[in-house]
Amino acid sequence: MILGELYPRTKQLSIMSTLLNVMEIPKDDPVAFTFFTGYMAMMAASVFFFFERGRAEGKWKLSLLVSGLITGIAAVHYYYMRDYYVATGENPTALRYIDWTLTVPLMCVEFYLLTKAAGAKTSLLWKLIIASVWMLVFGYIGEAFNPAGGDTGHSVMYGFLSTLGYIYILYTAWFGEVAKLSQHDANVAKSVRILAWFVLVGWAIYPIGYMCMPGGWLNTALGWSSANVDLFYNIADAINKIGFGLVVYSLAFSGGDSKTAQA
Amino acid sequence: MSRSSFIFIVTAFLTLPLAEIHHPYFSVVEAVFCLALIASFGIAHGAIDNHLYGFKNLAGNLKFIGVYLLVGAGFGALWYFQASIAFTVFMIISAYHFGQSQLVEELKYDSWWNRGVYTLWGFWLLASFLHLNRLELFELSAQDFEVLPVFRWMLENSSVLFYTGSGSLFASLLYSRYKSLLTWQSLWIEFYQIAIILVVFYFSSSLWGFTLYFVILHSGRVLQQEYQYLLDRQKVSRLFDFVKLLSPFTLVSIFGLAFIVAGFAFFQINYSYSLLALVFISCLTVPHSWVMDRFYQERN
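These numbers were taken from a predicted model, which means no experiment stands behind them. (Residues numbered from 1 in each chain as written. Chains lettered and ligands numbered in written order. Predicted model: local features only at pLDDT ≥ 70, side-chain atom pairs only at ≥ 80, totals over all residues.)

Draft legend 1. Examining the overall build of chain A more closely. Secondary structure assignment for chain A yields twelve helices and zero strands. In chain A, the succession of helices and strands from N to C terminus is α-α-α-α-α-α-α-α-α-α-α-α. Long-range contacts, defined here as pairs at least 24 residues apart, represent 73% of the contacts in chain A between residues at least 6 apart. (Helix = DSSP H or I, 4+ residues; strand = E, 2+ residues; numbered from the N terminus. Contact = placed C-beta atoms within 7 Å.)

Draft legend 2. A look at the overall build of chain B. Check the secondary structure of chain B and you find 13 helices and zero strands. Listing every helix and strand of chain B by position from the N terminus yields α-α-α-α-α-α-α-α-α-α-α-α-α. A globule of 300 residues ought to have a C-alpha radius of gyration of about 19 Å, and chain B, at 19 Å, matches this closely. Looking at chain B as a whole, 35% of its 300 residues qualify as buried. Sequence-distant contacts, at least 24 apart, represent 77% of the contacts inside chain B between residues at least 6 apart. (Rg over C-alpha atoms; globule rule 2.2 N^0.38 Å. Buried ≥ 20, exposed ≤ 12 C-beta atoms within 10 Å, placed from the backbone.)

Draft legend 3. Seen up close, helix α10 (residues 184-203) of chain B. End to end, α10(B) covers 29 Å across 20 residues, agreeing with the expected 28 Å (1.5 Å per residue, within 8%). If you check which residues of α10(B) are buried, you get I189(B), E190(B), I196(B), I197(B), V200(B), F201(B) and F203(B). (Expected span 1.5 Å × (residues − 1).)

Draft legend 4. Inspection of the packing of helix α2 (residues 24-44) of chain B against helix α12 (residues 239-266) of chain B at higher detail. Residue and element names in this part refer to chain B. The interhelical angle for the contact between α2 and α12, taken along N-to-C directions, is 130°, at an axis separation of 9 Å. Here α12 runs oblique to α2, going by the angle between their axes. Once α2 is placed against α12, the crossing between them reads as right-handed. Residues A39, I43 and A44 of α2 lie in contact with α12, whose contacting residues are L246, T250, S253 and I254. (Axes fitted to C-alpha atoms, helices over the stretch in contact; angles between N-to-C directions. Parallel < 35°, antiparallel > 145°, perpendicular 65-115°, else oblique. Left-handed = near helix turned anticlockwise from the far one by under 90°.)

Draft legend 5. A look at the nonpolar core. Of all hydrophobic cores here, the largest spans 65 residues; its most connected members are M42(A), F111(A), A173(A) and L195(A). Looking at this core, the element that brings in the most residues is helix α12 (residues 228-252) of chain A, giving twelve residues. What L195(A) contacts, discounting residues up to four positions off in sequence, is E110(A), F111(A), A173(A), F244(A) and V247(A). Listed in part, the 54 residues of the second largest apolar core include F129(B), L130(B), M154(B) and V215(B). (Core = buried A, V, L, I, M, F, W, Y, C linked by C-beta atoms within 7 Å.)

Draft legend 6. Representation of the environment of L16(B). All names here are of chain B. Of note, L16 is situated in the loop between α1 (3-15) and α2. According to the C-beta neighbour criterion, L16 is buried, with 24 such atoms within 10 Å. Separated by 184 residues in the primary sequence, L16 and V200 place their C-alpha atoms 6.9 Å from one another. Dropping the residues within four chain positions of it, L16 is found in contact with F203 and S204.

Draft legend 7. Inspection of the interface of chain B and chain A at higher detail. Counting residues at the interface gives ten residues for chain B, matched by twelve residues for chain A. At the level of elements, α1 and α10 of chain B are the ones that each hand at least two residues to the side of chain B that touches chain A. In terms of residues, the side of chain B that touches chain A owes the most to one element, α1(B), which gives four residues. Residue classes in the side of chain B that touches chain A are distributed as nine nonpolar, no polar and one charged. (Nonpolar A, V, L, I, M, F, W, Y, C, P; charged D, E, K, R; others polar.)

Draft legend 8. Representation of unusual backbone geometry in the model. Even without being glycine, S180(B) reaches a positive phi, approximately 60°. By the element assignment, S180(B) lies in the loop between α9 (158-178) and α10.

Draft legend 9. Up close: the confidence of the model for chain B. In this model, chain B carries a mean pLDDT of 86, and residues with pLDDT of at least 70 account for 97%. Overall fold confidence for the complex sits at a pTM of 0.80, while the interface term, ipTM, reaches 0.76. (pLDDT = per-residue confidence, 0-100.)

Draft legend 10. Inspection of α9(B) at higher detail. All names here are of chain B. A rise of 1.5 Å per residue sets the reference length of α9, with its 21 residues, at 30 Å; its end C-alpha atoms lie 30 Å apart and thus fit the reference within 8%. Taken together, the buried positions of α9 are occupied by S158, F162, G165, L169, L173 and S176. Across the axial projection of α9, the buried residues extend over an arc of 75°, all falling on one side. In α9, the exposed positions angled more than 90 degrees off the buried face are occupied by S159, V160, Y163, G167, A171 and Y178. (Arc of directions from axis to C-beta.)

If you want it as structure tokens, here you go:
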């Protein structure tokens, strides 16, 4: 009705046709399905974190804002990525890495915010951000500049370099500065440990996706298809981004020690 | 999560793609590298058994070494007369020893239940190794089947052993958690490590898969426990002292093994080297497992 009032008949058909193309999800395409689900889940999570932020104590507001930003940025990118994927059937590599370049450092900010009250310095934040950027830059080179048809040597080399950044973050979360600082408060320690689990298990799903690129190691070893790249990335994003936020949310509303937690 | 678990997981992540390198030179480099690691770390983790046993004087030390060698030699004799029995006993003892080193810090209290879980963990490990590398192991050890029909049987029935072992281990770990013998944290870490071990055994060559487990997760963990124990009792004050303590018997064992292998080659004794290695390793493992069991009991 509204469309009919606003646009002439030809324009209406053009818009409808575009929408139908974009909205058509092939029934046998789990990648497209996860793009749409991922988009909705991220958007819903953002709304949730932004609204709940108002209810949280002052010291948790920034952490919840960051959680909402992470899922919000991801939701916008997923909006574009799902269209790109449905329209072309290709991996939206550039969009994916733009999303990660913004959201992964923000996840590191969460670690910093949680341990700030226990004395975390800005240097910790920078170290984590540098490690995450290192991880993403080499991952991007590995994926975006993969020779046509795929090259296992290329993907393994950049995958190896990228993993070094991941290992640094993993070590910091489990044994390093973040783990040590979180010991000052039982609630924070528990939450940091859960986030460390996300890094250990959830973030480990990304390399599985990476290794599915054309010429990727898992494709060679198991005969998998490169369509799995986005499937694993979408699953990992949903688990990690929303999960990260929910851990922070539960800490904010679990009566975390008000004496020390000043995130 | 212990540091050895962390190093194991990280090394697995970084080295898994090596499984796709099929160059013949790479196999040689891999074999040399793995054997060097097993010989150095593997032997080193048992090289201070006399200190762990807690001897008081030179006579006591000599007596301990004498008994240790005698047990080893006795097991060697069992290999000579009843290879299949020796191999089966070696598998059971190894299973217990591997499981004990893996879970002794996680399972609370010392009990027969815990000992059963240790054995199940080790049984699962060995069954997984055999099952996920069965084709390669069949090829490598075909010449030894005549002496070791039990090994052939294990490989042929590896799937039954693997699924039985996995199911039993899974159930026993869950029951341990139900009985509060294991924390949730330890349970999840254990499941995660089990998953990584399976991935490593599945994708890597049998030699690299075993080396990664044996050197990092087993020997590395035991060395860490030994170092901490000696540090607490002020028998060593820094890592260098610990290495000095390990060195004599490590070097003697490595040179001794090299000497025996060279002797076999020199006298052209027609014997399978893989079987020979298995016999030597078992002769050292049996007394070592006994000392470690005593060490864990006294330490706890």
